[in-house]
Amino acid sequence: MSEFIPSLGAIWSAVLAIGLTAVVYLAARAVYRKARYAPVLIPVLTGSAVVVAVLMLSGTPYPDYFEATGPLRLFLGPAIVALAVPLYGQLPRLRKMWLPLCVAVLVGSVVAIVSGVVLAGMFGASREMMLSLAPKSATMPIAMIAAERIGGVASLAGVSVAVTGILVLIFANPLLNLLRVRDPIVRAFALGTAAHALGTARSLQVSEAAGAFAAMAMGLNGILTALLLPMLAHAMHVMGVG
């Protein structure tokens, strides 16, 4: 039984790691609000940078930090499931718009996958790296498992998901403004498709309805990505890519 009971050192490490994460995030969010939501100061970017800096300065290996913050990841599942609550409230609108929404997320999913592979190939990336970057717009749990199943690297897929989400949050608003996309629901759906959980979280700050449509886009894109990636891997094998 003793192996299932965490040691005092492990508990203390978890307290420090989770405390650091929470304090840094709250500080980053305060700066983000103070700067009137400047895209380059999104908490996930500035907060991650501060945590990485602290780990490097303290000489703490990332695997130790990752293990210590395990209790935080237990909340990911319930948090994602909770997104169904605002989505349920939008059922009447969803019934009227289901066909264009499905077409839109299918196109978005295909473009996200193909663009990752093509860009990686243009820079001479290996087949393994191309397959790791392919699910960059899916939510991280799906992206990491799907990439590994088709011959990619789970950790690299996770990094590509995080980087994609950050870049989309930085450039999405200027781009959508340039394209004159004003409808908050359309903007939220685009964010959910391209920037997974980060886009959904940002949309929830706009309104509950926007968050619901972003959550729907994130979920559908995750399912489609998991279905399309094996087809992509097979097509690349047939064509001798990589």
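Criteria and thresholds
Residues numbered from 1 in each chain as written. Predicted model: local features only at pLDDT ≥ 70, side-chain atom pairs only at ≥ 80, totals over all residues. Heavy atoms only, no water. UniProt positions renumbered as here; feature names shortened; annotations may be inferred. Phe/Tyr/Trp six-rings, centres within 6.5 Å; stacked < 30°, edge-to-face > 60°. Helix = DSSP H or I, 4+ residues; strand = E, 2+ residues; numbered from the N terminus. Buried < 20%, exposed > 50% of the residue type's maximum accessible area, 1.4 Å probe, protein only. Lys NZ or Arg CZ within 6 Å of the ring centre and 35° of its normal.

Going by an unreviewed UniProt entry, the chain carries the name LrgB family protein and comes from Pigmentiphaga aceris. Listed in UniProt under the heading Subcellular location (unreviewed entry), the comment for the chain reads: "Membrane".

Enquirer: How should I be thinking about the packing of aromatic side chains in this particular structure?
Expert: Centre-to-centre distance and the angle between the planes together describe a pair of aromatic rings. Tallied over the full model, the rule gives three aromatic pairs. For the ring pair Y32 and Y37, a centre distance of 5.0 Å and an interplane angle of 85 degrees mean the geometry is edge-to-face. Measuring from centroid to centroid gives 6.1 Å for Y62 and Y65, while their planes differ by 40 degrees, and the two rings are tilted. Note that Y62 and Y65 are positioned in helix α3 (residues 62-68) at a spacing of three residues, about one turn of the helix. With a relative accessible area of 13%, Y65 lands in the buried category. Members of the aromatic cluster, joined through ring pairs, are Y62, Y65 and F66. Above the plane of the ring of Y37 lies R202, whose end atom (NZ or CZ) is 5.8 Å from the centre.

Enquirer: Could you clarify how one ought to interpret the UniProt feature "transmembrane region" (unreviewed entry) in the chain in this entry?
Expert: Per the UniProt entry, the sites bearing "transmembrane region" (unreviewed entry) are residues 6-28, 40-60, 72-91, 98-123, 150-172 and 210-229 in this numbering. Between the C-alpha atoms that bound residues 98-123 the distance is 38 Å, and the span itself is 96% helix and 0% strand. Counting secondary structure, residues 210-229 comes out at 100% helix and 0% strand; the distance between its end C-alpha atoms is 28 Å.

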